[in-house]
Structures are given as C-alpha cells and as structure tokens.
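So you can see what is in the structure, the chains are spelled out below.
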Amino acid sequence: MSARIYRAPEGLQFDGITVERGRRKLVTDADFTAPAGQVTALVGPNGSGKSTLLKTAYRLVRPDFGTVRLDGEDLWQMPRRQAARQIAVMAQESQTVVDSAGMGQSVLDIVLMARSVHHSGFSPDTDADLSTVVNSLETVQAGHLADRGFTELSGGEKQRVLLARALAQGAGTLLLDEPTNHLDIAFQMELLHIVRELGLTAIVALHDLNLALAYCDYAAVLSSGRLIDHGPVNQVLTEAQVRTAFGVRASTMTLSGGQQTRLAFQRLEH
Ligand SMILES: Nc1ncnc2c1ncn2[C@@H]1O[C@H](COP(=O)(O)OP(=O)(O)OP(=O)(O)O)[C@@H](O)[C@H]1O
C-alpha cells in the first residue's frame, strides 16, 4: 500500500528516518510531516516503532539515516538547549525518571525544572517562571497539587504534573508518548482537549483510536517500523486501515449528525 504523504511548509518533518539496532530495523524510511499547529496521532500495534520514532525527534535516539527537521531546521544539528526550548516531551518513561530524580521534591519544584532551558548557567528562577509554572499546573487542573511531594502522587496525578511540566517549558512543539496512561476517562479526554486547544504542533502516540478520531487532526500509522499511511485522521483511521494495521474488524459509527466518526472493534475470526 502506498502511503499518502502530506507535506506542510512548517511543522515537524521526518525525512526518510531509519533506526537500526544490529541488523534489525526498528523504523524504516519513515517520511511524513506533522503539520504546524495541528495535533497528529501516531498509532500502530505494540512494537511498531512509535516510541522509537518520537525519540528521534527529542534526540534520545539518533537516526541512522534521514533527517528530522523542525520548521525546516535539522534538529540534530541544533545546540541541545535550542532544541529543548522548541520541543517538550512527555515520554512513557518520564514518571520513572522524575520519580527517581525527584525524591523529596515538590510538584512545584518538578515543574519549575522545565524552565531551566530558558536560563543560562545557574541563574535563579524568576517571577515570570513561577507564574508560567502556576498557570501550567492550573491548565491541567493540578494547581492543588503544587505543594505535594511528586513521588507520593497517584499515577494519574503524576501524568497531569508531567503534562504541566511539558507545557511550562514553553515550547512550540509537544511530543506525547501514550499520555493517557493511568488517566480516568474524563481526564483522558480533558488532556487531549487541552492539547488541541493550545494550538501547538503536537504528535501524540495513542492506542485508543477513538481518542485519536475525537481529538487529533491528522494520523500517521506505523506497522512493523514502516509508515503505512498518513493524512487527515478521518481518512486514515478507516475500517480497512484498522484491519490492515491491527488485524481487527472495525465498524464505523457516526456521531453529531454525521460530523464525527468513532469505531467499534471485534476480533477477527481466523
Ligand atoms: N534499544 C533497543 N534495542 C533493541 N530493540 C529495541 C530498542 N528499543 C526498542 N526496540 C525494539 O524496537 C521495536 C519498536 O519499539 P517501540 O518501543 O518503538 O514500539 P512502540 O510502537 O512504541 O510499542 P508500544 O506500543 O508497545 O509502546 C520493538 O520491537 C522493540 O522491542
């Protein structure tokens, strides 16, 4: 199947990205642009390469081939701090990393750390930093957690704080790897609503295809490390594509007088 390639003049562009480990290709020649100011869902079965592809954009995994560009500029050629000012991340491992680094630290301290990318050396936090942090916590309805210790929070509370931390970084691009883990259904929807309302360039790795349909503008589908489709979410997350990518029977339902679609799933009988 040929992938529909949408190229935007600006945004986050993956240009022929290949990641290898030994003789194995984890991602093969991935080629798409997450358009500026839009939310792109990155979907695909377990192990299809979603996290690996996102890691090439937040500079945890250097691509063996290809280039990741932000608004035309090669991300891997930028100074680290410049890249960090432009791209904020909420990764799957963020909870563990912050848990071990944040022993004894308050939520406020944890979120304030995100502002360090705007400081040179050890310059102190400013009132503007504090106000950004308080606003970010309030945006994710976690203002009441500010004085609590991070490690004592529930999984869902930690996810909210990590989203606040990503927002407090003040970057124009957000990368969220399965951000709805641990969240109750109301806050799963709230989180994606918040992300969409921000108007930033965002890529969100998601397993829930209905959340992708409800809150994302675009979708990119990975299967065995290859990008098999990309485009407007309603044109990509179809019954046929779900069957191809996930081996699952999907039936489309329409909502809001036909304006929106959702999917119901059934196991394929072999
Ligand atoms: N450092 C590594 N060395 C070797 N293989 C790796 C490494 N990191 C990931 N992989 C493999 O690469 C493949 C893609 O992994 P990745 O985590 O990117 O998938 P994913 O689509 O995010 O999966 P999931 O939905 O389960 O989180 C998997 O088979 C994984 O085992």
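If you're wondering where the values come from, they're calculated on a predicted model, not measured in any experiment.

A.B. asks: Would you take a moment to explain the side chain of arginine 59 for this structure?
C.D. replies: Mapped onto the elements of the fold, arginine 59 is located in the loop between helix H1 (50-57) and strand E4 (65-70). As a buried residue without a salt bridge, arginine 59 has its nearest oppositely charged side chain in aspartate 74, at a separation of 7.2 Å. Residues within four places of arginine 59 in sequence aside, it is in contact with Leu75, Trp76, Met78, Pro79, Arg80 and Ala83.

A.B. asks: Just to check I follow, could you spell out the confidence of the model for the protein for this structure?
C.D. replies: Taken over all residues, the pLDDT of the protein has a mean of 91, while the share at 70 or more is 95%. A low-confidence stretch, residues 1-8 (pLDDT under 50), is modelled with 21 contacts involving residues beyond four sequence positions or located in other chains.

A.B. asks: Got a minute to help me understand the site of the ligand in this structure?
C.D. replies: As a matter of local geometry, the ligand sits amid 14 residues, with Arg24, Gly47, Lys50, Ser51 and Thr52 nearest to it. The contact in question runs from an oxygen atom of the ligand to an N or O atom on the backbone of glycine 49, over 3.0 Å. In the model, an oxygen atom of the ligand is placed 3.1 Å from a nitrogen or oxygen of the histidine 207 side chain. With the chains in place, 62% of the 640 Å² that the ligand exposes on its own is no longer accessible. Sorting the residues of the shell around the ligand by element identifies strand E2 (24-35) and H1 as the ones contributing at least two each. Considering only residue class, the shell around the ligand consists of two nonpolar, eight polar and four charged.

A.B. asks: Please explain the layout of surface pockets as it appears in this structure.
C.D. replies: A water-sized probe rolled over the atoms picks out the places where empty space is left. If you add up the space inside the largest pocket, you get close to 680 Å³. Lining the largest pocket are 27 residues; nearest its centre among them are Tyr58, Ala84, Val89, Arg165 and Gln169. For the lining of the largest pocket, the secondary-structure elements that each account for two or more residues are helix H2 (80-86), strand E6 (87-90), helix H3 (94-101) and helix H6 (155-168). Among the residues forming the lining of the largest pocket, the class breakdown is 18 nonpolar, four polar and five charged. Forming the walls of the second largest pocket are 14 residues, and the residues nearest its centre are Gly47, Ser48, Gly49, Lys50 and Thr52. Counting residues per element, the ones that place at least two in the lining of the second largest pocket are E2 and H1. Across the lining of the second largest pocket, the residue classes tally to one nonpolar, nine polar and four charged.

Cut-offs used in this document
- Residues numbered from 1 in each chain as written.
- Predicted model: local features only at pLDDT ≥ 70, side-chain atom pairs only at ≥ 80, totals over all residues.
- Heavy atoms only, no water.
- Helix = DSSP H or I, 4+ residues; strand = E, 2+ residues; numbered from the N terminus.
- Buried < 20%, exposed > 50% of the residue type's maximum accessible area, 1.4 Å probe, protein only.
- Lys, Arg positive; Asp, Glu negative; His and termini not counted.
- Salt bridge = Lys/Arg side-chain N within 4 Å of Asp/Glu carboxyl O.
- Contact = heavy atoms within 4.5 Å.
- pLDDT = per-residue confidence, 0-100.
- Near = heavy atom within 4 Å.
- Polar contact = N/O pair within 3.5 Å; in protein donor to acceptor, adjacent residues only side chain to side chain.
- Areas by Shrake-Rupley, 256 points an atom, 1.4 Å probe, with all protein chains shown as cover.
- Nonpolar A, V, L, I, M, F, W, Y, C, P; charged D, E, K, R; others polar.
- 1 Å grid on protein atoms, 1.4 Å probe; cavity = no way out; pocket = protein on both sides within 12 Å on 5 of 7 lines; lining within 4 Å.
- Points joined across faces, edges and corners; volume = space filled by probe spheres on them.

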